[in-house]
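So the chains spell out like this:
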Amino acid sequence: MNEEINGDLVAHTLPDGARITLRPLEPTDALAVREIFEHLSPTSRYQRFLAPKTHLTSADLRQLLSVDHCTHEAVIAFDERGVHPIGVARFIRGYGVHPEVAEIAVEVVDAWHWRGVGSALTAALVLRAYALEVLQFSAYVAHGNLGATSLMRRVPGRLGRVGSESGAAEYRLVLDPAC
Ligand SMILES: CC(C)(COP(=O)(O)OP(=O)(O)OC[C@H]1O[C@@H](n2cnc3c(N)ncnc32)[C@H](O)[C@@H]1OP(=O)(O)O)[C@@H](O)C(=O)NCCC(=O)NCCS
C-alpha cells in the first residue's frame, strides 16, 4: 500500500506492517548508495554486480549516481525511521539504441530480505518506466538467483529468458501497462 507523504516521498506498508519510505534517487545520494553496498552480503554483492566486489570504486559511484530521471532512473527505500537506506532499484536505457528497452537492477540490504522491499521498489520503478515510455526491461541474473526471477515474475508483463552466459542468464520482460 502506497501513500504520498509530500512531493516525491511515498510511504509504503510492507506485508508485515513495517512502514518504509520510497523516493527517487538523486545524484547527491552518495552516502546512501555506499551504505546500501556496505550492508549487502558477499553473495548479494555477487548477485547484484555479477562479480566478486569488496568495495565501490569512485567510477562505480559516479555511474550509480548518474540518475537523470529519463535515461537513468532509480528509486531508493529507507527504513521505518527514514534514516537508513535499505534498497535501491534502477533502470538504465539502451543509450539511444533502443530507448524503449532498459536494463534493470535491484538490491536490498540483507537484513531486509524477504519482507517485500524488493517488490515495493520494483513496483515503483515500473510506474516510472510507464511514465517514461520504457516498454521492456532486460536483466542479467546469476544462475540460481531465485529472488531476482521471483521479483520479475511479479511485474505485469511477459517474462522470457533470451540468453545465457557462464554464470548468468539474460531475461527480457515486456511490460504490460494495461494489467
Ligand atoms: C533479489 C532481491 C532484490 C529481492 O529483494 P527482497 O526484498 O528480498 O524481495 P521481496 O521480499 O519483495 O520478494 C520478492 C519475491 O522473491 C521471493 N524471494 C526473495 N528472495 C528469495 C530467495 N533468496 N529465494 C527464493 N525466492 C526469493 C519472495 O518470496 C517473493 O516471491 P513471491 O512474490 O512469489 O512471494 C534481494 O534478494 C537482493 O537484493 N539480492 C541481491 C541482489 C540481487 O540479486 N539483485 C537482483 C539482480 S540485479
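Residues numbered from 1 in each chain as written. Predicted model: local features only at pLDDT ≥ 70, side-chain atom pairs only at ≥ 80, totals over all residues. Heavy atoms only, no water.

Novice: Just to check I follow, could you spell out the overall build of the chain for this structure?
Specialist: Along the backbone of the chain there are five helices and nine strands. Listed N to C, the secondary structure of the chain is β-β-β-α-α-α-β-β-β-α-β-α-β-β in terms of helices and strands. For 179 residues, the compact-globule estimate of 2.2 N^0.38 gives 16 Å, and the chain sits close to it at 15 Å. With the C-alpha coordinates aligned to their principal axes, the bounding extent of the chain is approximately 40 × 40 × 30 Å. (Helix = DSSP H or I, 4+ residues; strand = E, 2+ residues; numbered from the N terminus. Rg over C-alpha atoms; globule rule 2.2 N^0.38 Å.)

Novice: Is there a simple way to think about the site of the ligand in this case?
Specialist: Taken together, 21 residues sit near the ligand, with Val106, Gly118, Ser119, Asn145 and Arg154 positioned nearest. For the ligand, an oxygen atom lies 2.7 Å from a polar atom in the backbone of Gly118. Note that an oxygen atom of the ligand is positioned 2.6 Å from one of the side-chain N or O atoms of Ser119. Compared with its free state, where it exposes 910 Å², the ligand has 78% of that area covered by protein. Among the elements of the structure, α2 (42-49), β6 (101-108), α4 (117-131) and α5 (146-153) are those that each provide at least two residues to the shell around the ligand. The greatest single-element share of the shell around the ligand, amounting to five residues, is contributed by α5. Taken together, the residues of the shell around the ligand break down into eight nonpolar, nine polar and four charged. (Near = heavy atom within 4 Å. Polar contact = N/O pair within 3.5 Å; in protein donor to acceptor, adjacent residues only side chain to side chain. Areas by Shrake-Rupley, 256 points an atom, 1.4 Å probe, with all protein chains shown as cover. Nonpolar A, V, L, I, M, F, W, Y, C, P; charged D, E, K, R; others polar.)

Novice: Sorry, what's going on with α2 here?
Specialist: Residue pairs spaced three or four apart in an α-helix point in one direction, given the helix's 3.6 residues per turn. Listing the buried residues of α2 in full gives Ser44, Arg45 and Arg48. Taken down its axis, α2 places every buried residue within 100 degrees of arc, on the same side. Of the residues in α2, the exposed ones pointing more than 90 degrees away from the buried face are Pro42 and Thr43. Looking at the buried positions of α2, the neighbouring elements they touch are α1 (30-38), α3 (58-64), β5 (85-93) and β6. One or two positions beyond α2, positive phi appears at Leu50, with a value near 55 degrees. (Buried < 20%, exposed > 50% of the residue type's maximum accessible area, 1.4 Å probe, protein only. Arc of directions from axis to C-beta. Contact = heavy atoms within 4.5 Å.)

Novice: For this particular structure, what's the right way to read unusual backbone geometry?
Specialist: Phi is positive for Leu50, close to 55 degrees, though the residue is something other than glycine. Among the secondary structure elements, Leu50 is positioned in the loop between α2 and α3. Backbone geometry places Trp114, a non-glycine residue, at a positive phi of 70 degrees. Within the element layout of this structure, Trp114 appears in the loop between β6 and α4. Judged by its relative accessible area of 90%, Trp114 falls in the exposed class.

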